[in-house]
2 protein chains.
Amino acid sequence: MIDARLITLRVFARCGTIGATAELTGYSPSAVSAQLRELQRVLGMQLLTKDGRGLRLTATGRFLVAGTDPLIAQWESLRAAAMEAGDQVQSHFGLGGFSSAAAQLLAPLAATLRSTHPLLEVQVLEADPARCFDLLIAERIDLAVIVAMQSDTYGEDDPRFEQRVLLDDPLDVIIPGDHPLASRQTATLEELASEPWITAAAGSTYHTLFTAAFTAVGVTPRIAHEAVEWETHIAFVGAGLGVGLLPRLAPLNGAENVVRLRITGKAKPTRRIVAAVRRGSIASPLIQESLGILQVNANRILTNRLGEDL
Amino acid sequence: MIDARLITLRVFARCGTIGATAELTGYSPSAVSAQLRELQRVLGMQLLTKDGRGLRLTATGRFLVAGTDPLIAQWESLRAAAMEAGDQVQSHFGLGGFSSAAAQLLAPLAATLRSTHPLLEVQVLEADPARCFDLLIAERIDLAVIVAMQSDTYGEDDPRFEQRVLLDDPLDVIIPGDHPLASRQTATLEELASEPWITAAAGSTYHTLFTAAFTAVGVTPRIAHEAVEWETHIAFVGAGLGVGLLPRLAPLNGAENVVRLRITGKAKPTRRIVAAVRRGSIASPLIQESLGILQVNANRILTNRLGEDL
DNA sequence: TCAATCATGCACCTATTCTGCACGGTTATC
DNA sequence: GATAACCGTGCAGAATAGGTGCATGATTGA
């Protein structure tokens, strides 16, 4: 209900180029360019300046964008309160999340919502946490399930979002089936310190998590291989290349020659999974309902997997 | 920058029918109908209900409209702050006011703005105070000059507006040139209590002012004639039909056989002339400048007229 | 019963707005 | 210093949202 061009400006403020803004919002670059030009004309403000081969927000532009944060939060809040007060039904609902969340949490949520609200048009987008925040700003999605992270761009207390902890997803260790410890049910990181480890590329969210887990117990793992997808991690382990960490939410899918062990000891690494919404919108009945469903599903999946795999 | 359909809804909330909303916003009735229908679809809320041959806001609708007041005030405030911070120029500026204000205050203001801001598109609309408030809500105008009044629909402290007193326009008395008191420069209301009075129709803003002036001194005037325009008042007086009150801002235009006297005594009736803007927008540089110009002009006109007529 | 008032649907049209492509300017790379 | 990559913008054409005007049905008051 806030003018679409203002939303576009906010997205631009986030990513800095017309092209990226176009990609995020779903417009073409020309459309974004035209929208921002039109916005400046209507408001009578110069919001952008040429900067090399790109554009840069002017002081006025930054000021305006900063000011829209509470404005949008207030609209979301109003909208949510009206929905609640009037017992109304939403027509569209966008969800976002990273791969294991999308599979384990968002898919059941979407299915549940689809059956309880037949008229509701539910859309799920798989995207990594940073992009989820972008999509929330761009109003492409209304709720995101992500791994908590304090990135350089989005902090935990960003005024544009509200976050609710869904669960702390413990990291298990996965080792080859023929490993000496394979018959055990638990292990400590110290026991595995000398193993060749599989992790993700430096700089990724998971890599940060990985190193944090080991610094907590004061050992330095030997990093042997890198993988992006959990599937690849598991395959590497199955091939005997090394051992790795795997969030309990990520399923083994009956992989050959791979055993999942709980981590015990003083360091029990977890990744915190949170739901994020635009600030103000959290009171919306649909979002409240979704958070409830997510919570239930998260708990159930967690305990189930505990029984299956260990 | 708030969606036009929300503005339309606000106007509807004010006036209650599609037709009146269309007239105020400048759309056609079908367009208003379509806009409101679309708004309900997008928000997924039922905002209106059939009520006889008309429409009525639902509870949700009223809730939503009430909630938009602070939202719009915040946007106006943000916009004003950005304009101020960035030293930017507005492209359109709408003014509204009742007839004598339009002639005496708004016309010079528009002229000044036109010369100091050549690129600014200034539009002046003559409208009575109540309609000026409506036009402010409909965002057809940005600043209104009106006679202060506490109507049943708009109070002094309406959360949608901010008001600044420009001047207290004293009411003079006008009497025929051949009246016994015509050679005097001042008169009291008591002296003229027994005269046949000319006033406006009951229910009008001016009539309220008129009776208030006399109740303040405890006399009941004999109402002989009614007139709407000041021109007509003056003509009636000139024709010897009676005496009347005339704000000092309203010019005699060299009418024949009419004399203007200052009112003295314990009751010095005035009408308070105020400038009204949408809440939040008062910090806008253009509005600040306009208020300054209005103030200067008001004072000058007031003192000038004092010298000319008395 | 008739007229007035009001909202709405429909056909048509206008004007906004988006797309796709080509172009000019800027930066990085070799 | 040439070349390639990247970025924003302008333009023609197309799609579409959104507007108007009129006819219609429903409701109320005379």
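Remember, it's a predicted structure, so these values are computed and weren't measured experimentally. (Residues numbered from 1 in each chain as written. Chains lettered and ligands numbered in written order. Predicted model: local features only at pLDDT ≥ 70, side-chain atom pairs only at ≥ 80, totals over all residues. Heavy atoms only, no water.)

**Some words on the overall build of chain A**
Now for step 1: Within chain A, the regular secondary structure consists of 9 helices and 12 strands.
Now for step 2: In terms of overall dimensions, chain A has C-alpha extents of about 70 × 50 × 30 Å along its principal axes.
Now for step 3: Taken across its 310 residues, chain A has 52% of its residues classed as buried.
Now for step 4: Here chain A contributes 28 positively and 33 negatively charged side chains, and the mean placements of these two sets differ by 5 Å. (Helix = DSSP H or I, 4+ residues; strand = E, 2+ residues; numbered from the N terminus. Buried < 20%, exposed > 50% of the residue type's maximum accessible area, 1.4 Å probe, protein only. Lys, Arg positive; Asp, Glu negative; His and termini not counted. Charge placed at Lys NZ, Arg CZ, Asp CG, Glu CD.)

**Remarks on the protein's contact with DNA strand C**
Now for step 1: Around DNA strand C there are 17 residues in total, and A:Ser28, A:Ser30, A:Gln35, B:Ile18 and B:Ser33 lie nearest to it.
Now for step 2: Counting only the atoms of DNA strand C that lie within 4 Å of the protein, the sugar and phosphate share comes to 71%.
Now for step 3: Here a phosphate oxygen of DNA strand C sits 2.9 Å away from a polar atom, N or O, in the side chain of B:Ser33.
Now for step 4: Measuring from a phosphate oxygen of DNA strand C, one finds a side-chain N or O atom of B:Arg37 at 3.5 Å.
Now for step 5: Secondary-structure elements contributing two or more residues to the surface near DNA strand C are helix 3 (29-43) of chain A together with helix 2 (18-25), helix 3 (29-43) and strand 2 (54-57) of chain B.
Now for step 6: A breakdown of the residues in the surface near DNA strand C according to their chemical character gives 4 nonpolar, 10 polar and 3 charged. (Near = heavy atom within 4 Å. Polar contact = N/O pair within 3.5 Å; in protein donor to acceptor, adjacent residues only side chain to side chain. Nonpolar A, V, L, I, M, F, W, Y, C, P; charged D, E, K, R; others polar.)

**Some points on the pairing of strand 5 (residues 143-147) of chain B**
All names here are of chain B.
Now for step 1: Among the 5 residues in strand 5, 5 count as buried, and that is most of the element.
Now for step 2: Here strand 5 shows no split at all, with Leu143, Val145 and Val147 on one side and Ala144 and Ile146 on the other all buried.
Now for step 3: Two elements, strand 3 (residues 92-97) and strand 5, share 3 bridges in a ladder whose sense is parallel. Residue pairing in the sheet places Leu95 in a bridge with Leu143 of strand 5.
Now for step 4: With 5 bridges joining them, strand 5 and strand 12 (residues 270-278) adopt antiparallel strand pairing. Its bridge partner lying in strand 12, Val145 is registered against Ala275. (Pairing = 2+ DSSP bridges.)

**Regarding the relation of the copies chain B and chain A**
Now for step 1: Superposing chain B onto chain A takes a rotation of 180 degrees plus a shift of 0.1 Å along the axis, which leaves an RMSD of 0.1 Å. The operation mapping one copy onto its partner corresponds to a two-fold rotation axis.
Now for step 2: Comparing interface residues between copies, 100% of those in chain B also sit at the interface in chain A, which points to an isologous, same-surface contact. (Least-squares fit on C-alpha atoms with pLDDT ≥ 70 in both. Contact = heavy atoms within 4.5 Å.)

**Some details on the environment of A:Ala144**
Residues and elements named next belong to chain A.
Now for step 1: Its place among the elements puts Ala144 in strand 5 (residues 143-147).
Now for step 2: In sequence terms Ala144 and Leu71 are 73 residues apart; their C-alpha atoms lie 21 Å from each other.
Now for step 3: For Ala144, the residues in contact, after removing those within four places along its chain, are Gly96, Cys132, Leu136, Val274, Ala275 and Ala276.

**A few points about the protein's contact with DNA strand D**
Now for step 1: In the region of DNA strand D, 17 residues are neighbours, and A:Ile18, A:Ser33, B:Ser28, B:Ser30 and B:Gln35 sit closest.
Now for step 2: A:Ile18 places a main-chain nitrogen or oxygen 2.9 Å from a phosphate oxygen of DNA strand D.
Now for step 3: Note that a base oxygen of DNA strand D is positioned 3.1 Å from one of the side-chain N or O atoms of A:Ser30.
Now for step 4: Secondary-structure elements contributing two or more residues to the surface near DNA strand D are helix 2 (18-25), helix 3 and strand 2 (54-57) of chain A together with helix 3 of chain B.
Now for step 5: Class assignment of the residues belonging to the surface near DNA strand D gives a composition of 4 nonpolar, 10 polar and 3 charged.

**Looking at the interface of chain B and chain A**
Now for step 1: Taken together, the 30 residues of chain B in the interface contact 30 residues of chain A.
Now for step 2: It is B:Met1, B:Leu71 and B:Leu78 in chain B that bury the most area against chain A; as a group they hold 23% of the surface buried on that side.
Now for step 3: For the interface between chain B and chain A, the tally reads 0 salt bridges.
Now for step 4: Our count for the contact surface shared by chain B and chain A stands at 2 residue pairs in polar contact (both at pLDDT 80 or more).
Now for step 5: Listed by contribution, the elements that provide at least two residues to the side of chain B that touches chain A are helix 1 (4-15), helix 3 and helix 4 (59-86) of chain B.
Now for step 6: Of the residues contributing to the side of chain B that touches chain A, the split by class is 17 nonpolar, 9 polar and 4 charged. (Buried area = accessible area lost by both parts, 1.4 Å probe. Salt bridge = Lys/Arg side-chain N within 4 Å of Asp/Glu carboxyl O.)

**Quick notes on the packing of aromatic side chains**
Residue and element names in this part refer to chain A.
Now for step 1: In the structure shown here, the tally under the stated rule is 8 aromatic pairs over all chains.
Now for step 2: The interplanar angle of 70 degrees and the centroid separation of 5.7 Å between the aromatic rings of Trp197 and Phe210 together place this pair among those described as edge-to-face. Here Trp197, found in strand 8 (residues 196-199), pairs with Phe210, found in helix 7 (residues 205-217); they are 13 residues apart in sequence, far enough to count as distant. Exposure class is identical for Trp197 and Phe210. Each is buried.
Now for step 3: Arranged with centres 4.8 Å apart and planes meeting at 75 degrees, the rings of Trp197 and Phe214 form a pair that is edge-to-face. Of this pair, Trp197 sits in strand 8 while Phe214 sits in helix 7, and the two are 17 residues apart along the sequence. (Phe/Tyr/Trp six-rings, centres within 6.5 Å; stacked < 30°, edge-to-face > 60°.)

**Brief notes about the state of the cysteines**
Residues and elements named next belong to chain A.
Now for step 1: Within the structure shown, the criterion is met by 0 disulfides over all chains.
Now for step 2: Free of any disulfide, Cys15 has its nearest cysteine sulfur in Cys132, 15 Å distant.
Now for step 3: Here Cys15 falls in the partly exposed class, since its relative accessible area comes to 24%. (Disulfide = S-S within 2.5 Å.)

**A look at the nonpolar core**
Now for step 1: A:Leu9, A:Leu64, A:Trp75, B:Leu9, B:Leu64 and B:Trp75 are the most contacted members of the largest nonpolar core, which totals 48 residues.
Now for step 2: Counting only elements with at least two residues in this core, the list comes to helix 1 (4-15), helix 2, helix 3 and helix 4 (59-86) of chain A together with helix 1, helix 2, helix 3 and helix 4 of chain B.
Now for step 3: When near neighbours in sequence (up to four residues on either side) are disregarded, A:Leu9 contacts A:Leu36, A:Leu39, A:Leu47, A:Leu57, A:Leu64 and A:Val65.
Now for step 4: A:Ile175, A:Ala187, A:Trp197 and A:Tyr206 belong to the second-largest nonpolar core, a separate cluster that totals 31 residues. (Core = buried A, V, L, I, M, F, W, Y, C linked by side-chain atoms within 4.5 Å.)

**A word on the side chain of A:Arg271**
Now for step 1: Mapped onto the elements of the fold, A:Arg271 is located in strand 12 (residues 270-278).
Now for step 2: Not counting residues up to four positions away in its chain, the partners in contact with A:Arg271 are A:Phe98, A:Ser100, A:Val147, A:Leu167, A:Asp168, A:Asp169, A:Leu171, A:Leu209, A:Trp230, A:Pro247 and A:Leu249.

**A few points about the domain arrangement of chain A**
Now for step 1: Here chain A is partitioned into domain 1 (1-88) and domain 2 (168-270).
Now for step 2: Once you take the C-alpha centre of each, domain 1 of chain A and domain 2 of chain A turn out to be 42 Å apart. (Domains from an automatic or database assignment.)

**Section: the packing of helix 2 of chain B against helix 3 of chain B**
A packed helix pair is summarised by two numbers, namely the angle formed by the two axes and the spacing between the axes.
All names here are of chain B.
Now for step 1: In the contact formed by helix 2 and helix 3, the axes pass within 8 Å of each other and the chain directions differ by 105 degrees. On the basis of their axis angle, the class for helix 2 and helix 3 is roughly perpendicular. Within the contact between the two elements, helix 2 uses Ile18, Thr21, Ala22 and Thr25 and helix 3 uses Pro29, Val32, Ser33 and Leu36.
Now for step 2: Taken together, the residues of the contact of helix 2 with helix 3 break down into 5 nonpolar, 3 polar and no charged. (Axes fitted to C-alpha atoms, helices over the stretch in contact; angles between N-to-C directions. Parallel < 35°, antiparallel > 145°, perpendicular 65-115°, else oblique.)

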